[in-house]
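# Structure at a glance
Chain residues, written in single-letter form:
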Amino acid sequence: MNPYILAILLFGLGLGTTITFASSHWLLAWMGLEMNTLAIIPLMAQHHHPRAIEATTKYFLTQAAAAATLLFASVTNAWLTGQWEIQQITHPLPSTMITVALALKIGLAPLHAWLPEVLQGLDLTTGLILSTWQKLAPFALILQIQPSNSTLLIILGLASTLIGGWGGLNQTQLRKILAYSSIAHLGWMILVLQFSPSITLLTLLTYLVMTFSTFLLFKLNKATNINTLATSWSKAPALTALTPLILLSLGGLPPLTGFMPKWLILQELTKQDLAPTATLASLSALLSLYFYLRLSYAMSLTISPNNLTGTTPWRFPSTQLTYPLATSTAMTIWLLPLTPGISALLTP
C-alpha cells in the first residue's frame, strides 16, 4: 500500500477514536465511530484475497448495523427526554438499545459471531488493530453511559466469558483463537463495569498489552495455525521459551500480569454478593486456560516433524522491530507485584 494512503488511513483511525473520546454529544460520538470503521476498511481489504474481501464485507455490515442502532437509540433518547448529552441517558429503552449496539460493535456474546470470521480473514497486523485499537472508542462510550440495566450487563458478561472459552477449544487457527480470547476478556470487563469502572479500565489496559505481545509474537514467527508454531524453536529459541509465559498470562495464571485483573474482578464481584457469577466466570477462565496451554504445548514442547510436508519453510530474516515486542512481553509477564500501585493510580 502507498505510504501516503496508509498514513491518511492511520490518521483517520486515530482521529475517529479521538473524536469519540472527546465528544459529549451523541452525533459527534457516532461520527467518530463511523470514521473509525471507514478508515480500517481499506486496510482490511488491501490484500485483494477473497477471504479478506469477505471479512471486510462482514465487518462493514455488522458495524453499519451497530452504528444505525446507536443513532436510532440516541434519536429516540432525544425524542423522549430532549437530551443529546452522552451522560444524560436516563430512559431505560435508549440505554438498553445503546448497550446492545455497542456490544455488537466490540463483539460481545451473543452478538459475537462476526468477530472470529472477520479476524480469520485478515493479516496479523490488521487483526492486531481490530483487536486492540478498534475496541477503544466503543468502550469509552460504554464507560461514559454507565448502563442502568445491570441484569443485561451481567448476562452479556457471563455469556461472553463462557462462549469465549468454549469457542476457542476446538480451533486450530491462531486468529480465531485470539478472537475467542478477545470475546472472553471483554466479558470479564463488562461483568465488573457497573461496580468498579476503574477495574474495567485496568482490565482493558492489561488486555491491550497482552494481546499486543501475542500478535507480535505470531507475526515474528509468521504463524497462522497451531502446526506452524512447532517450527519456531529453530527461528527464535529465546522467544519460544518465553512464549508459554505470555500465553499463560493471557489465561490469567499467577504470578503473571494476567492474573491481576481476574483477581480484582472476582474480589469485587464477591463484595457485591455475586458469588455465583464470580464462580461461573472463574470456571469459564479454565476453558480459556485449556486452549492457551494447547498453544504453549505446541510451541514449546513439540518439535516439527521432519518429513517432506512438515519441512520448515524457507524464511528470510524478519525485518520486524523487536523493541515493541520486548517491552510488551516484559509488561505481560512481570506487572503483578505492582498491583497495589496500579490500582491506586486508576482509582478516582
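Residues numbered from 1 in each chain as written. Predicted model: local features only at pLDDT ≥ 70, side-chain atom pairs only at ≥ 80, totals over all residues. Heavy atoms only, no water.

For the protein chain, the name recorded in an unreviewed UniProt entry is NADH-ubiquinone oxidoreductase chain 2, with Lamprologus callipterus as its organism. In its Subcellular location (unreviewed entry) section, the UniProt record describing the protein chain reads: "Mitochondrion inner membrane". Per UniProt, the protein chain carries the Function (unreviewed entry) text "Core subunit of the mitochondrial membrane respiratory chain NADH dehydrogenase (Complex I) which catalyzes electron transfer from NADH through the respiratory chain, using ubiquinone as an electron acceptor. Essential for the catalytic activity and assembly of complex I." (UniProt positions renumbered as here; feature names shortened; annotations may be inferred.)

## Re helix α8 (residues 150–167)
With 18 residues, α8 extends 25 Å from end C-alpha to end C-alpha; this agrees with the ideal 26 Å at 1.5 Å per step. Listing the buried residues of α8 in full gives Leu152, Leu153, Ile154, Leu156, Gly157, Leu158, Ala159, Ser160, Thr161, Gly164 and Gly165. (Helix = DSSP H or I, 4+ residues; strand = E, 2+ residues; numbered from the N terminus. Expected span 1.5 Å × (residues − 1). Buried < 20%, exposed > 50% of the residue type's maximum accessible area, 1.4 Å probe, protein only.)

## A short note on the packing of aromatic side chains
All chains considered together, the criterion is met by three aromatic pairs. Consider the rings of Phe291 and Tyr292, whose centres lie 4.9 Å apart with planes at 55 degrees: the pair is tilted. Both residues of the pair, Phe291 and Tyr292, belong to the buried class. Positioned above the aromatic ring of Trp188 is the side chain of Lys262, whose terminal nitrogen or guanidinium carbon lies 5.2 Å from the ring centre. (Phe/Tyr/Trp six-rings, centres within 6.5 Å; stacked < 30°, edge-to-face > 60°. Lys NZ or Arg CZ within 6 Å of the ring centre and 35° of its normal.)

## Section: the pattern of salt bridges
Taken as a whole and assessed by the stated rule, the structure comprises five salt bridges. As a salt-bridge pair, Glu117 and Arg51 come within 4.0 Å of each other at their nearest N and O atoms. Here the residue Glu117 occupies a position in helix α5 (residues 114–120), and Arg51 occupies one in helix α3 (residues 50–81), the gap between them amounting to 66 residues. For Glu117, a relative accessible area of 26% puts it in the partly exposed group. Linking Glu117 and Lys176 is a salt bridge whose minimum nitrogen-to-oxygen distance equals 3.4 Å. Here Lys176 lies in helix α9 (residues 174–192) and Glu117 lies in helix α5, a separation of 59 residues in the sequence. The class of Lys176 is buried, set by a relative accessible area of 17%. Through salt bridges that share partners, Arg51, Glu54, Lys58, Glu117 and Lys176 make up one connected network. (Salt bridge = Lys/Arg side-chain N within 4 Å of Asp/Glu carboxyl O.)

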